[in-house]
Amino acid sequence: MAGRSEPLPMRPQGFWGRVFGRLMEAMNAPSYRLAFRLIDAQAGASILEIGFGTGKLLELLARKVKKARLAGVEPTETMLETALKRGALRRLKDRLDLRLGTADALPWDSGSFDAIAALHCFQFWADPQSAANEILRTLKPGGRFVLILRDHSKRAPKWLPNPISKSGNEFGNACRLLQEAGFESVRSAGGAGSSLAIVATKAA
Ligand SMILES: C[S@@+](CC[C@H](N)C(=O)[O-])C[C@H]1O[C@@H](n2cnc3c(N)ncnc32)[C@H](O)[C@@H]1O
């Protein structure tokens with residue numbers, strides 16, 4: 001599934017993918033705490049993370065949300081294997097469902113999740129329109145989507161596949177994408193370090 005020539009942040013795989021994963025975890029620690037707070041999960045909640053990387057946010061959710069059902073989708077086998085080594089995740093047994101895949105084709109039924117989160121991976125979505133439709137489809141009525149990104153509007157590398165990240169107004173156009181996809185409310189939800197958060201809610 002992962003192409004060899006793709007940049008490491010977009011496809012962390014193999015030895016260097018694992019090294020990158022550790023650095024990413026340290027750098028994104030404030031984002032995990034912010035996402036956890038914004039997801040605001042109740043006991044027994046069903047939560048999907050898109051582009052879960054090393055699985056640090058999923059681990060936090062597994063530790064703190066009683067009887068959570070956690071799912072994740074990630075394009076690289078290296079990150080999938082890394083996340084599956086986490087004891088807190090393995091202990092979920094049949095309440096854990098991590099799969100290989102990408103944001104634009106989520107392999108779950110409509111109305112599966114109370115919350116969906118995506119941290120620092122939006123810029124890698126080649127087809128953000130399809131991803132937004134998929135997120136809306138797989139959320140339950142009233143469910144929320146938490147998107148955390150570092151705005152690339154000033155210095156977007158040419159190779160980023162997401163046209164919105166290269167549009168010169170990544171945050172604003174990401175909000176517009178979610179509104180046009182049909183989310184009932186889309187709001188700016190603060191930030192952590194250099195990261196900004198958007199919370200979008202599906203109509204109940
Ligand atoms: C910078 S890392 C962030 C990982 C994790 N969310 C975190 O904050 O620690 C970006 C992740 O997005 C994943 N990714 C890349 N393209 C993706 C896509 N189209 N759909 C879902 N995830 C993707 C990468 O494999 C990588 O694990």
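Since the structure is predicted, the reported quantities are computational estimates derived from the model, not experimental observations.

Reading the values: the criteria
Residues numbered from 1 in each chain as written. Predicted model: local features only at pLDDT ≥ 70, side-chain atom pairs only at ≥ 80, totals over all residues. Heavy atoms only, no water. Near = heavy atom within 4 Å. Polar contact = N/O pair within 3.5 Å; in protein donor to acceptor, adjacent residues only side chain to side chain. 1 Å grid on protein atoms, 1.4 Å probe; cavity = no way out; pocket = protein on both sides within 12 Å on 5 of 7 lines; lining within 4 Å. Sits in = over half its atoms within 2 Å of the grid points. Salt bridge = Lys/Arg side-chain N within 4 Å of Asp/Glu carboxyl O. Buried < 20%, exposed > 50% of the residue type's maximum accessible area, 1.4 Å probe, protein only. Helix = DSSP H or I, 4+ residues; strand = E, 2+ residues; numbered from the N terminus. Patch = residues over 30% accessible without salt bridge, like charges linked within 9 Å, V, L, I, M, F, W, Y side chains within 5 Å. Areas by Shrake-Rupley, 256 points an atom, 1.4 Å probe, with all protein chains shown as cover. Points joined across faces, edges and corners; volume = space filled by probe spheres on them. Nonpolar A, V, L, I, M, F, W, Y, C, P; charged D, E, K, R; others polar. Contact = heavy atoms within 4.5 Å. Axes fitted to C-alpha atoms, helices over the stretch in contact; angles between N-to-C directions. Parallel < 35°, antiparallel > 145°, perpendicular 65-115°, else oblique.

This part covers the site of the ligand. Taken together, the neighbourhood of the ligand is formed by 23 residues, with Arg11, Tyr32, Gly51, Glu74 and Leu119 sitting nearest. A distance of 2.9 Å separates a nitrogen atom of the ligand from a polar side-chain atom of Arg11. Here Leu119 contributes a backbone N or O atom positioned 2.8 Å from a nitrogen atom of the ligand. When each cavity is represented as a set of grid points, the ligand is found to reside in the largest pocket.

For the coordinates displayed, the defined rule picks out eight salt bridges. Notably, a salt bridge pairs Arg11 with Glu6, separated by 3.5 Å at the nearest N-O pair. Using a relative accessible area of 12% as the deciding quantity, one classes Arg11 as buried. Note on Glu6: relative accessible area 27%, which makes it partly exposed. The closest approach of N and O atoms between Arg137 and Glu134, which form a salt bridge, is 2.8 Å. One end of the pair is Arg137 and the other is Glu134, both in helix α6 (residues 128–138) and three residues apart, which spans about a single turn. Looking at Arg137, the relative accessible area reads 27%, which means it is partly exposed. Connected via shared salt-bridge partners are Glu25, Lys56, Glu59, Arg63 and Arg86.

Our focus in this paragraph is a nonpolar patch on the surface. A grouping of Leu8, Phe15 and Trp16 is seen on the molecular surface, where their side chains present a nonpolar patch of about 350 Å² in accessible area. Topologically, Phe15 is positioned in helix α1 (residues 14–27). Judged by relative accessible area, Phe15 falls into the exposed class, the value being 54%.

This part covers the layout of surface pockets. Here the largest pocket is characterised by a volume of approximately 890 Å³. Along the walls of the largest pocket sit 43 residues, with Pro9, His120, Cys121, Gln123 and Phe124 positioned nearest its centre. Among the secondary structure elements, those contributing two or more residues to the lining of the largest pocket are α1, β1 (46–50) and β2 (69–74). It is α1 that provides the largest number of residues to the lining of the largest pocket, a total of four residues. Considering only residue class, the lining of the largest pocket consists of 23 nonpolar, 10 polar and 10 charged.

With that settled, consider the environment of Ala189. Here Ala189 lies in strand β6 (residues 185–192). For Ala189, a relative accessible area of 13% puts it in the buried group. Not counting the four nearest positions on each side in its chain, Ala189 is found in contact with Leu34, Leu38, Ala197, Ile198 and Val199.

Helix-helix packing is characterised by the crossing angle of the two axes and by the distance between the axes. For the pair α1 and helix α2 (residues 29–39), the least separation of the axes is 4 Å and the interaxial angle reads 60°. Viewed along their axes, α1 and α2 adopt a mutual orientation that is oblique. Of the residues in α2, those in contact with Met24, Glu25, Ala26 and Met27 of α1 are Ala29, Pro30 and Tyr32.

With the exception of glycine, the majority of residues adopt a negative phi angle, and the majority of peptide bonds are in the trans configuration. One non-glycine residue, Lys67, adopts positive backbone phi at about 55°. Structurally, Lys67 is set in the loop between α3 (56–64) and β2. What makes Lys67 exposed here is its relative accessible area of 63%. A positive phi angle, close to 50°, is found at Lys93, a residue other than glycine. Inspection of the secondary structure assignment puts Lys93 in the loop between α5 (87–90) and β3 (96–100).

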